[in-house]
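Close look at the chain arrangement
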Amino acid sequence: MFEQLDMAPADPILGLSAAFKSDSNSDKINLSVGVYQDSSGQTPIFASVKTAEQRVLAAEKTKSYLSIEGTSEYGTAVQELLLGSTHEILASERAVTIQSPGGTGALRIAGDFLARHFGDKPIWISEPTWANHPKIFSAAGLQVETYPYFDTDTNSLDHEALLEALDQIPTGHIVLLHGCCHNPSGVDPDSPTWEAIAEIVTKRGLLPLIDFAYQGLGDGVDPDASGLRIISNTSSELLIASSFSKNFGLYKERVGALTLVGANAEAAAKALSHLKIAVRTSYSNPPAHGSAIVSEILGDAKLSSQWEDEVTQMRERIRDMRRRLVEELKTRNPARDFSFIEHQRGMFSFSGLNDKQVTALRERYSVYIVGGGRINVAGLTEANLDYFADAVASVL
Ligand SMILES: Cc1ncc(COP(=O)(O)O)c(C=O)c1O
């Protein structure tokens, strides 16, 4: 039976990492996959994570299953991180949270739930977006539509086109928004634009699904939640998919959460009962280890503040690399303006390189970046910056 199958294409992002591994060029650079590297090119384990992990292991008494939705401590910690501990949504118990394997798990459970109960309503995603988004939602059975987001002429948000397109989406449809640090563009709406988005979403009765995979990597843990808080102040119903892969460095532990806000506690409880069915028929119940680490950190003021400091260091290093990259590119190619890279936020940057230049970078310099020109700025270090800037200048 299996001989009849065609070979499926490699994943556009993880497939590049496989090619990178087998590349023998000692100068090779992988700026494709969204993994943070420190100044020595390592993806470190946070000190706060190590401490929490030791405590979790020492206290662990059983490996028995968690409940389908995961632990309540984790759910509460996630909700407070998203909305702040005093938010009305928490007080009125309008939010429910399930613990998921990564942000991807949360997005897929959201997709399964929405397809099953609101399957006639398409999901609208930004163009461009994370390459996995359309695949996750199509696999769940949702029809996927796109709205414009990025202006390639100015390398910034296409404010007008975005708002105009959102204002045309039919009532009840689902709109996927990136909470912060838009992947792949690195371009986020400012507060007035979030307000305008919130107004349209409410006016048209759209259901927002906020993908929040980079909390803390833009302006800070709390400031990065400002967009989703603006939306949650006006939309009575929404979903939020959190990932703790990047901001806790817990990539392989697969830690995430899906939070659903209902118009009231009863509606949220009903929705939770269906989310649990989606989980039960997918992976049954969540992995415990990574989420226990997150709960331990967020439940301890000292550890929490250490974690925030570590996120700050990460964010500042990325900012510094953005600034230095712009400088290096300017020295090599003064005629071209790369200053937009400095204004983009989070791990990624749309470099402005076209697919031909991306291929040339890979074939001639063993520099791996995703088609469309997205670079992971967090993969640049003092040691590889010059080589990268030379390679870019040469393919330009
Ligand atoms: C926009 C976005 N959403 C969600 C995810 C999912 O992250 P994970 O499943 O690794 O937690 C990623 C990871 O790269 C992402 O970039």
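For the structure given in this document, a descriptive report is provided here. (Residues numbered from 1 in each chain as written. Predicted model: local features only at pLDDT ≥ 70, side-chain atom pairs only at ≥ 80, totals over all residues. Heavy atoms only, no water.)

Within the protein, the regular secondary structure consists of 15 helices and 13 strands. For 396 residues, the compact-globule formula gives about 21 Å, and the C-alpha radius of gyration of the protein, at 21 Å, lands near that figure. Reported as C-alpha extents along the three principal axes, the dimensions of the protein are approximately 60 × 55 × 55 Å. For the protein, the residues scored as buried account for 54% of the 396 residues in total. If you take every contact in the protein between residues at least 6 apart in sequence, the share linking residues at least 24 apart comes to 75%. Accessible area of the protein: about 17,700 Å², with a carbon and sulfur share of 50%. If the 35 positive side-chain charges of the protein are averaged to one point and the 50 negative ones to another, these points end up 5 Å apart. (Helix = DSSP H or I, 4+ residues; strand = E, 2+ residues; numbered from the N terminus. Rg over C-alpha atoms; globule rule 2.2 N^0.38 Å. Buried < 20%, exposed > 50% of the residue type's maximum accessible area, 1.4 Å probe, protein only. Contact = heavy atoms within 4.5 Å. Areas by Shrake-Rupley, 256 points an atom, 1.4 Å probe, with all protein chains shown as cover. Lys, Arg positive; Asp, Glu negative; His and termini not counted. Charge placed at Lys NZ, Arg CZ, Asp CG, Glu CD.)

To continue, consider the layout of surface pockets. Here the largest pocket defines a volume of roughly 590 Å³. In terms of lining residues, the largest pocket is bounded by 30 residues, among which V33, T104, W130, Y214 and K246 are the most central. If you list the elements that add at least two residues to the lining of the largest pocket, you get α5 (102-118) and α6 (132-140). It is α5 that provides the largest number of residues to the lining of the largest pocket, a total of 4 residues. The residue makeup of the lining of the largest pocket, split by class, is 14 nonpolar, 10 polar and 6 charged. (1 Å grid on protein atoms, 1.4 Å probe; cavity = no way out; pocket = protein on both sides within 12 Å on 5 of 7 lines; lining within 4 Å. Points joined across faces, edges and corners; volume = space filled by probe spheres on them. Nonpolar A, V, L, I, M, F, W, Y, C, P; charged D, E, K, R; others polar.)

This part covers a nonpolar patch on the surface. On the surface, M1, F2 and L5 cluster together into a nonpolar patch covering about 460 Å² of accessible area. Note on placement: L5 falls in the segment before α1 (14-21). Classification of L5 as exposed rests on a relative accessible area of 60%. (Patch = residues over 30% accessible without salt bridge, like charges linked within 9 Å, V, L, I, M, F, W, Y side chains within 5 Å. Salt bridge = Lys/Arg side-chain N within 4 Å of Asp/Glu carboxyl O.)

In this section: the site of the ligand. The environment of the ligand is made up of 13 residues, and the closest members are T104, D211, Y214, S243 and S245. At 2.6 Å, a side-chain N or O of Y214 approaches an oxygen atom of the ligand. Contacts to the ligand include S245, whose side-chain N or O atom sits 2.6 Å from an oxygen atom. Relative to its free-state accessible area of 390 Å², the ligand is covered by the protein chains to the extent of 91%. In a pocket analysis with a 2 Å cut-off to the grid points, the ligand is assigned to the largest pocket. Ranked by the residues each element gives to the shell around the ligand, the list is headed by α5, at 4 residues. A per-class count over the shell around the ligand returns 4 nonpolar, 6 polar and 3 charged. (Near = heavy atom within 4 Å. Polar contact = N/O pair within 3.5 Å; in protein donor to acceptor, adjacent residues only side chain to side chain. Sits in = over half its atoms within 2 Å of the grid points.)

Here we come to the pairing of strand β10 (residues 256-261). Of all 6 residues in β10, 6 are buried, a share of seventy percent or more. What you see with β10 is no split at all: G256, L258 and L260 on one side and A257, T259 and V261 on the other are buried throughout. Of the strand pairs in this sheet, strand β2 (residues 95-100) and β10 are connected by 6 bridges, and their pairing is antiparallel. Counted as the bridge partner of T97 is T259 from β10. Across 6 bridges, the pairing between strand β9 (residues 238-243) and β10 is antiparallel. If you follow L239 over to β10, its bridge partner there is L260. (Pairing = 2+ DSSP bridges.)

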